[in-house]
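# Chain and residue survey
Each chain, written out:
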Amino acid sequence: PDASTLVVDTSCIDCSEVELQEDKDFLMEKGENILRIVAKAANDVGAELVEIQERMRGKGLLKFYESIGVSPTNARRWADKHKAWLVYNELFGNEAPKEAFNEVSETVTSKIYHLPENYRDAFLADIAVGNPPSREEVLETSKKPEVKLSKAEEMLSKAKIRRDSSSSAIERNRAD
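Structure report, in brief. This one's a predicted model, so the numbers in the text were calculated from it and none came from an experiment. (Residues numbered from 1 in each chain as written. Predicted model: local features only at pLDDT ≥ 70, side-chain atom pairs only at ≥ 80, totals over all residues. Heavy atoms only, no water.)

### Describing the packing of aromatic side chains
Selection criterion: Working definition: rings of Phe, Tyr and Trp (its six-membered ring) pair if their centres are within 6.5 Å, and the pair is stacked with planes under 30 degrees apart, edge-to-face with planes over 60 apart, and tilted otherwise. Only runs of H or I of at least four residues qualify as helices and only runs of E of at least two qualify as strands under DSSP, and these elements are numbered from the N terminus. For every residue, the accessible area (1.4 Å probe, protein chains only) is compared with the maximum for its type, and the residue is labelled buried under 20%, exposed over 50%, or partly exposed between those bounds.
For the structure shown, the criterion picks out 5 aromatic pairs. Summarising the aromatic geometry, the rings of Trp 85 and Phe 101 are spaced 5.3 Å apart at their centres and angled 55° between planes, so their arrangement reads as tilted. Here Phe 101 lies in helix α4 (residues 98-102) and Trp 85 lies in helix α3 (residues 72-92), a separation of 16 residues in the sequence. For Phe 101, a relative accessible area of 1% gives the class buried.

So this is what it looks like as structure tokens:
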């Protein structure tokens, strides 16, 4: 999204060192612009990280992340937020408010992305209607035994599909 369309929390901006209201207003405007640019950059970096992770799957990237000044934790969160964004867009298209999604932290969207599809989609729907879940709500949901079991079943199903696909490819190669 365009940086000017992103909604950012400006409550963190501290203008207490200046006295003139005109200067405070100026700093608030510039601070808000900077926060929007940073939010846009995080979205763009997330997209790049997803590409890197998909291509380099299974390879160590710690030194690479360190060399570009990105912690592995931030890399995972930004990539997960981008992947969650792709799912959000796929589910709701242009009807869903983009600002609502951008207001949810990377930590929360990362946790949402790793939930089983039905739980993930339900949380994304909540975001789309302007009722984003709290960090605590997402964490509590992710710890429920039935959620963990559902995720394990989902992962097992995907692993079986990959195994069957690999077996078919091996058989075709043998036949050639």
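The discussion continues.
### Quick look at helix α6 (residues 117-128)
Filter applied, for reference: For a helix, the expected span equals 1.5 Å multiplied by the number of residues minus one. Relevant arc is that of directions from the helix axis to the C-beta atoms, nothing else.
Under the 1.5 Å per step criterion, the end-to-end length of α6 is 16 Å for 12 residues, consistent within 8% with the ideal 16 Å. Taken as a whole, α6 has its buried residues at Arg 120, Phe 123, Leu 124, Ile 127 and Ala 128. Buried residues of α6, seen end-on, are gathered within an arc of 150° and therefore sit on one face of the element. Gly 130 sits one or two positions beyond α6 and adopts a positive phi of about 85°.

Worth remembering: the numbers are spatial, not functional.
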